[in-house]
Amino acid sequence: MPGELEGKVSIITGGGSGMGRSTALMFAREGASVAIADVNDEGGEATAAQIEDLGGNATFVHTDTSSEQDVVNLVSTTVDQFGRLDSMVTAAGISYADYVEGDEATDPFLHPDAATILNKPTERWQKVLDVNLTGVMLCARESARQMMAEGHGGTIVNFASIAAYAPSPGIMDYCVSKVGVIMLTRCFAVEFGPHGIRVNAVAPGPIETPMTESLRSTGSLQSQGGGLPLRRMAKPEEVSEAVLFFTSDRSSYVTGKTLGVDGGTNTV
Ligand SMILES: NC(=O)c1ccc[n+]([C@@H]2O[C@H](COP(=O)([O-])OP(=O)(O)OC[C@H]3O[C@@H](n4cnc5c(N)ncnc54)[C@H](O)[C@@H]3O)[C@@H](O)[C@H]2O)c1
């Protein structure tokens, strides 16, 4: 049976780890050729190699999604290699300014008081906005330009978060960036809809990825998802299923929407 994305070409940012990686693998299994974009070369190369081992087509393009030049290069390299572009998934993100460098001293999950707005230098706030919001805008815009030029429509799926709906100590910049992603998704859906390009978002709850490692290390029931109706965290693949839904024709009449994949967060 052919896969749901047979013959399609997808870019997945943040594909070197976590939900970006699980989505890249799922898309490849569904028949898509996948370009993985990440600042983490080792992780990105590893995901591409896993896909090749499965018999799929993949390439890794080193990309800082907050750099316009890198994102333009990402789209053109993908099209040079695979001949077209059908979908963009913007999973690249950081929970705090030094997340990629892994600086524990400034990790807001471990030191929430040190990361309050009053204590946070402006450049650290700006870095989170640059990656989580401007980066998503650049990836969505440049991929839409390419899809419009090709004239066959396409899909964009952004990563918001449950943090968009509730202020959380130490990660105000993250919360604000993710609210921005939800509105950006709606704005782009309006602008790109007439070109047959659908734009949706997922808002994951607590997911077992490197991003929640330090939170989980605190050992609180809340950090393990214990306070949620479903009483657990999720595996990255459970979010990728929703990303696949938004990318496949199964959601052909859905655009501008953000779907919580969150174990029932904020239900009661
Ligand atoms: N893990 C969770 O519980 C959770 C919950 C809600 C939302 N999210 C969001 O989901 C997305 C994926 O996160 P994850 O949990 O899989 O984390 P992760 O750390 O496993 O993956 C994030 C990836 O993004 C990459 N990245 C960071 N900055 C980048 C940049 N400027 N350019 C390119 N790549 C960059 C990292 O190198 C990493 O490979 C993020 O947007 C995150 O904010 C995560």
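Structure: above.
This text gives an overview of the structure that appears in the document. Model, not experiment: these values are computed from the prediction.

A few points about the nonpolar core
One broad rule of soluble globular proteins: the nonpolar side chains tend to lie buried together.
Item 1. Ile 11, Leu 85, Ile 156, Phe 192, Ile 197 and Val 199 are the most contacted members of the largest nonpolar core, which totals 30 residues.
Item 2. Every element with two or more residues in this core is listed here: strand 1 (9-13), strand 2 (33-38), helix 3 (68-82), helix 4 (122-150), helix 5 (172-192) and strand 6 (197-204).
Item 3. With near-sequence residues (within four places) excluded, Ile 197 lies in contact with Ala 144, Met 147, Met 148, Gly 153, Gly 154, Ile 156, Phe 192 and Thr 255.
Item 4. Grouped together as the second largest cluster of nonpolar side chains are 28 residues, Leu 5, Phe 27, Ala 242 and Leu 244 included.

Quick word on the pattern of salt bridges
For side chains of opposite charge, pairing can occur when their charged atoms come near one another.
Item 1. Counted under the stated rule, the structure contains 9 salt bridges.
Item 2. One salt bridge connects Arg 141 with Glu 142, and the closest N-O pair in it is separated by 3.0 Å.
Item 3. Since its relative accessible area comes to 23%, Arg 141 is described here as partly exposed.
Item 4. A relative accessible area of 9% means that Glu 142 is categorised as buried.
Item 5. Across the salt bridge formed by Glu 208 and Lys 235, the nearest N and O atoms sit 2.8 Å from each other. Here Lys 235 lies in the loop between helix 6 (213-217) and helix 7 (236-247) and Glu 208 lies in the loop between strand 6 and helix 6, a separation of 27 residues in the sequence.

Quick word on the site of the ligand
Item 1. Near the ligand lie 31 residues; those nearest to it are Ser 17, Asp 38, Tyr 99, Tyr 174 and Thr 209.
Item 2. Asp 38 has a polar side-chain atom sitting 2.7 Å from an oxygen atom of the ligand.
Item 3. Contact distances for the ligand include 2.6 Å between an oxygen atom and a side-chain N or O atom of Tyr 174.
Item 4. For the shell around the ligand, the elements supplying multiple residues, two or more each, are helix 1 (18-29) and helix 5.
Item 5. Of the residues contributing to the shell around the ligand, the split by class is 16 nonpolar, 12 polar and 3 charged.

So, helix 3
Item 1. Taking 1.5 Å per residue, 15 residues should reach 21 Å; helix 3 reaches 21 Å between its end C-alpha atoms and fits that length.
Item 2. Burial in helix 3 covers these residues: Val 71, Leu 74, Val 75, Thr 78, Val 79 and Phe 82. Along helix 3, the residues classed as buried sweep out an arc of 115 degrees about the axis, all on the same side. Relative to its buried face, helix 3 has exposed residues pointing more than 90 degrees away, namely Gln 69 and Asp 80.
Item 3. If you follow the buried residues of helix 3, they end up packed against strand 1, strand 2, strand 3 (58-62) and helix 4.
Item 4. Gly 83 lies just past helix 3 and shows a positive phi near 90 degrees.

Focus: the sheet that holds strand 5 (residues 154-159)
Item 1. Pairing is parallel across the open sheet formed by 7 strands, whose spatial order is 3-2-1-4-5-6-7. Looking along the sheet, the strands with just one partner apiece sit at the ends: strand 3 and strand 7 (258-261). Strand-to-strand twist across the sheet, computed as the mean angle between neighbouring axes with direction ignored, equals 20 degrees.
Item 2. Note that strand 1 and strand 4 (residues 87-90) share 4 bridges and pair parallel. Bridging from a neighbouring strand, Ile 11 pairs with Met 88 of strand 4.
Item 3. Contacts from helix 5 reach strand 5, strand 6 and strand 7 within the one sheet, and its direction differs from that of strand 6 by about 165 degrees.

Conventions and cut-offs
Residues numbered from 1 in each chain as written. Predicted model: local features only at pLDDT ≥ 70, side-chain atom pairs only at ≥ 80, totals over all residues. Heavy atoms only, no water. Core = buried A, V, L, I, M, F, W, Y, C linked by side-chain atoms within 4.5 Å. Buried < 20%, exposed > 50% of the residue type's maximum accessible area, 1.4 Å probe, protein only. Helix = DSSP H or I, 4+ residues; strand = E, 2+ residues; numbered from the N terminus. Contact = heavy atoms within 4.5 Å. Salt bridge = Lys/Arg side-chain N within 4 Å of Asp/Glu carboxyl O. Near = heavy atom within 4 Å. Polar contact = N/O pair within 3.5 Å; in protein donor to acceptor, adjacent residues only side chain to side chain. Nonpolar A, V, L, I, M, F, W, Y, C, P; charged D, E, K, R; others polar. Expected span 1.5 Å × (residues − 1). Arc of directions from axis to C-beta. Pairing = 2+ DSSP bridges. Axes fitted to C-alpha atoms, helices over the stretch in contact; angles between N-to-C directions.

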